[in-house]
Amino acid sequence: LETTLRFSPAHAAHFHYLRPYKVGDYPTADALFSFKYFVANGLVRRTGLNKDYIEAAIRNPVVQAVIRGMKVEDLEKPVGFEIELKMKDGRTLKEYYDIQIGRGPLAPSDMPSREILIGRFTEQLEFTRLVSKKNAEKIISLVDRLEEVDNVAEIVELAVKK
């Protein structure tokens, strides 16, 4: 597998994501701030979950081999990025993503659904185990009626590990 990442000038401006990739003293940060890591992780695991950003997952030899074989090039478009894969059987797969970096808040029609947001929140809680299920349910209930909450400190208090 040969992987080429192509970035528009808008993406390339976020140079910390494009710096040479290495696993250093803080592997999670190295992975979180690396286009190469999240593409390799997606190709190998087909996920982007919290568990993919712990040191053992980051140091996975297959993921690291994919990263070592990656090339980064310029994309001749003003926005977005492209991933090209050259397969061992000679096929080439290429996908362009018209994604704007640094865009403002999403329009209501572009926001993830409530179910997706709650799923992401739940996955985070299950991974960290910092908030009880009971408190998580209270947080969701309060956020659902945020306009009626007198003091958001109540939500923060529920989210703090005791």
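Values in this document were obtained by computation on a predicted structure and should not be read as measured data.

Chemist: How would you sum up the packing of aromatic side chains? Please name residues and give values.
Modeler: Under the criterion given, the structure shown has six aromatic pairs. The interplanar angle of 20° and the centroid separation of 4.9 Å between the aromatic rings of Phe81 and Tyr97 together place this pair among those described as stacked. Taken together, the residues Phe81 in strand β3 (residues 81-86) and Tyr97 in strand β4 (residues 92-97) connect sequence positions 16 residues apart. The exposure class assigned to Phe81 is buried, which follows from its relative accessible area of 15%. Among the aromatic side chains, those forming a connected cluster through ring pairs are Phe7, Phe35, Phe38, Phe81 and Tyr97.

Chemist: An account of the pattern of salt bridges is requested, with residue identities and associated values reported.
Modeler: This model, assessed by the stated rule, comprises 10 salt bridges. For Glu84, the salt bridge is made with Arg6, and the minimal N-O distance between the two is 3.0 Å. With Glu84 in strand β3 and Arg6 in strand β1 (residues 2-7), this residue pair connects regions lying 78 residues apart in the sequence. Taking the relative accessible area as the measure of exposure, Arg6 reaches 13% and is therefore buried. Where salt bridges share partners, they join Arg6, Glu73, Glu82, Glu84, Lys86 and Lys94 into one cluster.

Chemist: Explain the nonpolar core residue by residue, including any values.
Modeler: Core analysis: the biggest nonpolar cluster contains 18 residues, and Leu5, Tyr37, Ala40, Ile67, Met70 and Ile83 have the highest contact counts within it. Elements represented by at least two residues in this core include exactly β1, α3 (35-45), α4 (55-58), α5 (61-68) and β3. A total of four residues in this core trace back to one element, the largest contributor, which is α3. Once residues lying within four places of it in the same chain are set aside, the contact partners of Ile83 are Thr3, Thr4, Leu5, Val39, Leu93, Lys94, Glu95 and Tyr97.

Chemist: Can you lay out the pairing of β1 for me, pointing to particular residues and giving the numbers?
Modeler: Summarising burial for β1: five of the six residues are buried, a large majority. In this structure, β1 lies alongside β3, joined through six bridges in antiparallel fashion. In the strand pairing of β3, Thr3 is matched with Leu85. Of the pairings in the sheet, the one linking β1 to strand β2 (residues 70-74) comprises five bridges and is parallel in character. The residue of β2 that forms the bridge with Thr3 is Met70.

Chemist: Can you break down the layout of surface pockets residue by residue, with the values?
Modeler: Estimated volume of the largest pocket: approximately 200 Å³. Residue lining of the largest pocket: Thr122, Leu125, Glu126, Arg129, Val131, Ser132, Lys133, Ala136, Glu137 and Ile140, and that is the complete set. Every element with two or more residues in the lining of the largest pocket is listed here: α6 (114-128) and α7 (133-144). If you tally residues by element for the lining of the largest pocket, the top one is α7, at four residues. A class-by-class count of the residues in the lining of the largest pocket yields four nonpolar, two polar and four charged.

Analysis parameters
Residues numbered from 1 in each chain as written. Predicted model: local features only at pLDDT ≥ 70, side-chain atom pairs only at ≥ 80, totals over all residues. Heavy atoms only, no water. Phe/Tyr/Trp six-rings, centres within 6.5 Å; stacked < 30°, edge-to-face > 60°. Helix = DSSP H or I, 4+ residues; strand = E, 2+ residues; numbered from the N terminus. Buried < 20%, exposed > 50% of the residue type's maximum accessible area, 1.4 Å probe, protein only. Salt bridge = Lys/Arg side-chain N within 4 Å of Asp/Glu carboxyl O. Core = buried A, V, L, I, M, F, W, Y, C linked by side-chain atoms within 4.5 Å. Contact = heavy atoms within 4.5 Å. Pairing = 2+ DSSP bridges. 1 Å grid on protein atoms, 1.4 Å probe; cavity = no way out; pocket = protein on both sides within 12 Å on 5 of 7 lines; lining within 4 Å. Points joined across faces, edges and corners; volume = space filled by probe spheres on them. Nonpolar A, V, L, I, M, F, W, Y, C, P; charged D, E, K, R; others polar.

Function cannot be read off these values alone, since they describe shape.
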